[in-house]
There are 2 protein chains.
Amino acid sequence: MTSQANTRLGRHPERGGQDFETACAIIDAAHVCHVGFTLDAQPYVIPMACARLEQELLLHGSVVSRLMKEASQGLPICATVTHLDGLVLARSAFHSSMNYRSVMVFGTARLVTDASEKARGLDALVDHLLPGRTAEVRPSTRKELNATTLLALPIEVFTTKMRTGPPDEPSADVDDPVWAGVIPLSVEAGAPLDAPNLAAGIPFPERLKAL
Amino acid sequence: MTSQANTRLGRHPERGGQDFETACAIIDAAHVCHVGFTLDAQPYVIPMACARLEQELLLHGSVVSRLMKEASQGLPICATVTHLDGLVLARSAFHSSMNYRSVMVFGTARLVTDASEKARGLDALVDHLLPGRTAEVRPSTRKELNATTLLALPIEVFTTKMRTGPPDEPSADVDDPVWAGVIPLSVEAGAPLDAPNLAAGIPFPERLKAL
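Residues numbered from 1 in each chain as written. Chains lettered and ligands numbered in written order. Predicted model: local features only at pLDDT ≥ 70, side-chain atom pairs only at ≥ 80, totals over all residues.

### What about the overall build of chain A?
Scanning chain A from N- to C-terminus turns up five helices and 12 strands. Dimensions along the principal axes, computed over C-alpha positions, put chain A at roughly 65 × 50 × 30 Å. Each of the 211 residues in chain A was classed as buried or not, and the buried ones make up 43%. When contacts within chain A are restricted to residue pairs at least 6 apart in sequence, long-range pairs at least 24 apart make up 75% of them. (Helix = DSSP H or I, 4+ residues; strand = E, 2+ residues; numbered from the N terminus. Buried ≥ 20, exposed ≤ 12 C-beta atoms within 10 Å, placed from the backbone. Contact = placed C-beta atoms within 7 Å.)

Here is the structure:
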């Protein structure tokens, strides 16, 4: 079903777009998305791990999750990915801003039922967050796979929005004796913490050092 | 109006809570929240700057924003703050997880109309993101204040959810010769970038170096 979402941007239309490659790049850089849905007229927004497989955004959860059940039965959802890239300091509060990349994907998710497609999708989720990890760990058991719901949301109806660069402000402000510019922000990985019960002699995986 | 949101946690209720101080700590550490709302049966999730002032979550936007207009007229919203604190690697994909702190605040926002309350709220937003900044920049003009909508969402109906610590997995997996532990993640500020038109001799503000 094609979503009837209004993807026109009322504010700052110059920051928006509907380019598929741009949407994919934003999604591929994300660990989590925020999934919005409505139950009994109340909106909910839940953070969830996400990954992209080809032209779909993958979401997973427990088979007993209400969201997973409702979403697999056609509940309209909106999955938003946001990267906050910087604080933009103009010489005034009003013209200060943020640099960011975001994408909102609208639609209804497809329940992935085929066992091999489901296993492939769950592997994609793991390897997206932890490159190469599925080759290191034991395969999931049938019981584990059965306990997991995998949903695929088509990346068909979406809006990207982003801001980059220095502050944009009226020339009247530029002479104010106040610092202006951008404070870049990024998500950084710290030194890995071994599990307390990690057996001796097992090093942190080489492939994950890129994180 | 008190929200009718269902704040029971179906999954991992041991991770959840309704403690106000905990909710405030999560909000106070955030730059952005994700605001969910429903228009014409379609859910939307939009990233927005946020701050807390006493017992309310502050949101601001343009007076011409449709969300701002609808939200100021009683549209139910859900504002979710999420901090992704780490990737949790169990010896299996199934038991791998994420460490995070999140809060969902449900309700309807109040339009802040009193001029001095509005100015104070907007200052709180700026100083939350950029400590001490309002003392450095010129005051907003009346035109700028009139162009901005400030909403205050009571932090009354909310759910916190968090996970901390090492992987939690069955003892049968613990002998697998695979690394297990946590990769911490955090948002870090990079070196500030001067605006191209920054006048010579204006240093980066001392107070912002704490970022």
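### Here's the deal with the sheet that holds strand S4 (residues 51-53) of chain A
Sheet architecture is open: four strands sit in the order S4-S5-S9-S8 (chain A), paired in antiparallel fashion. Two strands bound the open sheet, and with one partner strand each, they are S4 and strand S8 (110-111) of chain A. (Pairing = 2+ DSSP bridges.)

### A look at the sheet that holds strand S4 (residues 51-53) of chain B
Residue and element names in this part refer to chain B. Spatial ordering of the open sheet is given by S4-S5-S9-S8, a layout of four strands whose pairing is antiparallel. Of all strands in the sheet, those bounded by a partner on one side alone are S4 and strand S8 (110-111). Across two bridges, S8 lies against strand S9 (residues 148-154) in antiparallel orientation. By the bridge assignment, Leu111 is partnered in S9 with Leu151.

### Considerations on helix H1 (residues 20-28) of chain B
All names here are of chain B. Ala23, Ile26 and Ile27 are the residues of H1 that are buried. Seen from one end, H1 has its buried residues packed into an arc of 100 degrees, which puts them on one side. With respect to the buried face of H1, the exposed residues turned more than 90 degrees away are Glu21 and Asp28. Among the structural elements, S4, strand S5 (56-62), strand S6 (77-89), strand S7 (97-107) and strand S10 (157-163) are those in contact with the buried residues of H1. (Arc of directions from axis to C-beta.)

### Here's the deal with the pairing of strand S5 (residues 56-62) of chain A
Residue and element names in this part refer to chain A. Among the seven residues in S5, six count as buried, and that is most of the element. By the bridge criterion, three bridges tie S4 to S5 in an arrangement that is antiparallel. Residue pairing for S5: Arg52 is matched across the bridge by Leu57. Taken together, S4 and the strand that follows it, S5, pair antiparallel across an intervening segment of two residues, in which Glu54 is found at a positive phi of about 55 degrees. Pairing between S5 and strand S9 (residues 148-154): seven bridges, direction antiparallel. Residue pairing in the sheet places Ser62 in a bridge with Thr148 of S9.

### Some points on the confidence of the model for chain A
Averaged over all residues, the pLDDT of chain A equals 93, while 96% of them reach at least 70. For this predicted complex, the interface confidence comes out at an ipTM of 0.94, alongside a pTM of 0.95. (pLDDT = per-residue confidence, 0-100.)

### A word on the interface of chain B and chain A
Accessible area lost upon the coming together of the parts serves often as the stated size of an interface. With 80 residues of chain B at the interface, the matching set in chain A holds 81 residues. Only strand S2 (32-39), strand S3 (42-49), S6, S7, helix H3 (115-129), strand S11 (181-189) and strand S12 (193-194) of chain B provide two or more residues apiece to the side of chain B that touches chain A. Per-element tally for the side of chain B that touches chain A: the top contributor is S11(B), with nine residues. When grouped by side-chain class, the residues that make up the side of chain B that touches chain A number 50 nonpolar, 21 polar and nine charged. (Nonpolar A, V, L, I, M, F, W, Y, C, P; charged D, E, K, R; others polar.)

### Notes on the environment of Tyr44(B)
Locating Tyr44(B) in the fold gives a position in strand S3. For Tyr44(B), a count of 22 C-beta atoms within 10 Å gives the class buried. The sequence separation of Tyr44(B) and His34(B) amounts to 10 residues, and the corresponding C-alpha distance is 9.7 Å. Those residues in contact with Tyr44(B), other than ones at most four positions away along the chain, are Gly36(A), Cys78(A), Met104(A), Gly36(B), Phe37(B) and Leu39(B).

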